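Topology and contacts: notes
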Amino acid sequence: MKLVIGIVRPEKANDVLEALYRAEVRGVSLSRVQGHGGELDRVETYRGTTVQVGLSDKVRFEIAVSDDFVDATIDALCEGARTGEVGDGKIFVVPLERAVRIRTGESDRAAVTPVGK
Amino acid sequence: MPLQILAAAVARVDTGDTAWMLVATALVLMMTPALGLFYAGLVRSKNTLNTFMMSIGAIAIALVTWAAVGYSLAFDGTGELIGGLNYAFLHDVTFAPRAGATIPHLVFFAFQTTFCIITVALVSGAVVERMRFGSFLAFAALWSVVVYPVLAHWGFGGGWLMGHGTLDFAGGIAVEMASGFSALAAALVVRHRKDYGRQALLPHNAVYVLLGAGLLWFGWFGFNGGSGFNTGQNSVLAFTNTLLTPACTLAVWFVLDLIRGRKVTAIGAATAIVVGCVAITPAGGFISPGWAMALGALGALPSYAIIVLRPRTRVDETLDVLAAHGMAGFTGILFIGFFAQRAWNGISDGLVYGNARQLLWQALAAVAAPAYAFTATFLLLKLLGLAMPLRTTELEEAIGMDVTQHGEEAYASGEGAILVTPEAGTDGPRPVAQPEPA
């Protein structure tokens, strides 16, 4: 079991969801985050105040999957999120110690397997 | 312009008329930022400022071109197709009233200026979220000379339609049909947003849309109520009809929403207010209050149909200027041909009251004005597209127009923002929101 974390451009979030759906990866959490990943700062001016904004809006996907699905998930994230420009984001895969489906109490692999499959 | 037809040529300024026209001018100017707010609420949050700025930009550009040549082309003389250049750069636009008018020429000019401005701003609704700001300003400059003054001249500046008796009280031709059919042409040339039809592109703030619509309606009392250029009967009729028609459109829109989706929608309501105001714009001073209410109800139908059907096409006429302005203006112009009543307007009857000729000239206007607006705008943008790119890059479109076109965000948080001022440059960056040391 792994937790796949993908940090992507907000405008690519829909494409990622679509790619995940096609890869039959169900069960996704996402949140809006801000971050910095080496892309150029943008300069904004408000009246006399000029600022350099180093943080960009990103969307963070968190997807808990069984080991068989790790590659498919990574491929879907890459496919959906890539534009080729700096700032496309990162994917982190971390081991997952335990998972529990609250409704049924199922744990681990059963808990991350979509219902009805 | 019923007054010019009717009134004896008394070149005396009436203080009451002038006072009202000064207020009406300010009311109409307010409609442009109100439209900006209305449009800004309808786009995604990353394009809020750019969308609003297109309306603000229209004020800057259209005022200058209008004062330079536009006003003269629209209102100098009775040439069939276009006016002369005697008023160019406000030559001879002074305190003396125009022939037959009771307000200073300067006030008349100022009032007409606000019309040109909002019409340019209206067209922006077709190209938001993708057109380069600079290209839009260039387009605004050209459009406000090539398209608006011509149609204003035809409709109420002494041109062929007006000369043959076409009735257009407050701009069904030059404002509403012109903006609506130009918007369609602009959407076809600039083409659709890159995600159009692939992703849901939703309004980001329905409260802006409702408030914008409310302010537009408020301003519209000046727009229609001022288009008699006095405080006479036609003006009073137009003012009251501006209350009646949109309210009836609103009621019918509720019913249409209920039938279609079983719920009455807020953005639908805001749209209905605009549609109603547009429908009564040409007809305001010419039809009875009862027929104005009927127009409100009837006018909802074709505009609603276009709003439902347009998103199923590949035409990304983004904010439905064609439906809300082009179609509703078309309805209003034709409605005059049927239901104008000399008993109310003192000028002419429509078909229902025995004057088929009126309908003929209304119908001609309803064909000629859209044809000119569409064709001229289409060619204008095609030519402009040869000189400069009309759209931003796909990446800029994805990031959002606010940051890429203006270097600002509508909802800036300041998180992660480092002050860069010339003075601060020497001692390195410091956190934002710290006052500069004195």
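Look up a bit, the structure's there.
Residues numbered from 1 in each chain as written. Chains lettered and ligands numbered in written order. Predicted model: local features only at pLDDT ≥ 70, side-chain atom pairs only at ≥ 80, totals over all residues.

Looking at helix α13 (residues 321-339) of chain B
Every α-helix carries 3.6 residues per turn, so stepping three or four residues along brings you back to the same face. Test applied: Each helix is a run of DSSP H or I of at least 4 residues and each strand a run of E of at least 2, with the numbering of both proceeding from the N terminus. The span one expects for a helix is its residue count, reduced by one, times 1.5 Å. Our exposure labels follow a C-beta count within 10 Å of each residue's own C-beta, placed from the backbone: buried means 20 or more other C-beta atoms, exposed means 12 or fewer, and partly exposed covers the counts in between.
The end-to-end C-alpha distance of α13(B), which contains 19 residues, comes to 26 Å, matching closely the 27 Å that a straight helix rising 1.5 Å per residue would cover. Across the 19 residues of α13(B), 17 count as buried, placing the element largely inside the fold.

Examining the interface of chain B and chain A
This is how it is decided: For every residue pair, C-beta atoms are placed from the backbone, and the pair is scored as a contact if these atoms sit within 7 Å. Note on pairing: two strands pair once DSSP finds at least 2 bridges between them.
Taken together, the contact pairs 15 residues of chain B with 17 residues of chain A. Sorting the residues of the side of chain B that touches chain A by element identifies α16 (394-399) and β1 (417-419) of chain B as the ones contributing at least two each. Ranked by residues supplied to the side of chain B that touches chain A, first place goes to β1(B) with 3 residues. Two strands pair when backbone bridges link them, and strand β4 (residues 49-53) of chain A and β1(B) are joined in this way by 3 bridges, in the antiparallel orientation. Across the sheet, residue Val51(A) finds its bridge partner in β1(B), namely Leu419(B).

Quick look at the packing of helix α6 (residues 148-156) of chain B against helix α15 (residues 356-387) of chain B
Axes are the key here: two packed helices are described by the angle between their axes and the distance separating the axes. Residues and elements named next belong to chain B. What counts, and what does not: Axis lines are fitted through C-alpha atoms, for helices just across the contact stretch, and the angle between N-to-C directions can take any value from 0 to 180 degrees. Angular relationships are summarised with four words: roughly parallel below 35 degrees, roughly antiparallel beyond 145, roughly perpendicular across 65 to 115, and oblique for the angles in between.
Relative to each other, α6 and α15 sit at 170 degrees, their axes nearing to 10 Å. As the angle between them shows, α6 and α15 are arranged roughly antiparallel. Contacts from Val150, Leu151 and Trp154 in α6 reach Ala369, Tyr372 and Ala373 in α15.

Quick notes on the nonpolar core
Our working definition: The nonpolar core criterion groups buried Ala, Val, Leu, Ile, Met, Phe, Trp, Tyr and Cys residues into a set whenever they are joined through C-beta atoms within 7 Å.
Core analysis: the largest hydrophobic core is formed by 131 residues, its most contacted members being Leu151(B) and Ala178(B). Residues in contact with Leu151(B), not counting those within four places in the same chain, are Ile173(B), Ala174(B), Ala178(B), Ala369(B), Tyr372(B) and Ala373(B). Residues Val8(A), Phe61(A), Ala81(A) and Val112(A) belong to the second largest nonpolar core, which totals 16 residues.

Section: helix α8 (residues 172-190) of chain B
Residue and element names in this part refer to chain B. Definition in use: The angle between axes fitted to the seven residues ending at a residue and the seven residues starting there is what we call the bend at that residue.
An ideal rise of 1.5 Å per residue puts 27 Å on 19 residues; α8 measures up with 25 Å between its terminal C-alpha atoms. Along α8, the largest kink reaches about 35 degrees and is centred on alanine 178. Within α8, 17 of the 19 residues are buried, which leaves it mostly tucked inside the rest of the structure. The first or second residue beyond α8 is arginine 191, which carries a positive phi of 70 degrees.

Some thoughts on the pairing of strand β1 (residues 2-8) of chain A
Residue and element names in this part refer to chain A. Bridge count between β1 and strand β5 (residues 56-65): 7 bridges; the pairing is antiparallel. Residue valine 4 lies in a different strand from β5, and its bridge partner there is isoleucine 63. Bridge count between β1 and strand β6 (residues 89-95): 7 bridges; the pairing is antiparallel. For glycine 6, the partnering residue across the bridge sits in β6 and is isoleucine 91.

Topic: the sheet that holds strand β2 (residues 29-35) of chain A
All names here are of chain A. In spatial order, the strands read β2-β5-β1-β6; together these 4 strands make up an open sheet with antiparallel pairing. With partners counted over all chains shown, the strands left at the sheet margins are β2 and β6, one partner each. Strand after strand, the sheet turns through a mean of 20 degrees between neighbouring axes, direction not considered. Contacting β1, β2 and β5, helix α1 (residues 13-22) runs over the sheet at an angle of about 150 degrees to β1. Across the face of the sheet, helix α2 (residues 70-81) comes into contact with β1, β5 and β6 while running at roughly 5 degrees to β1.

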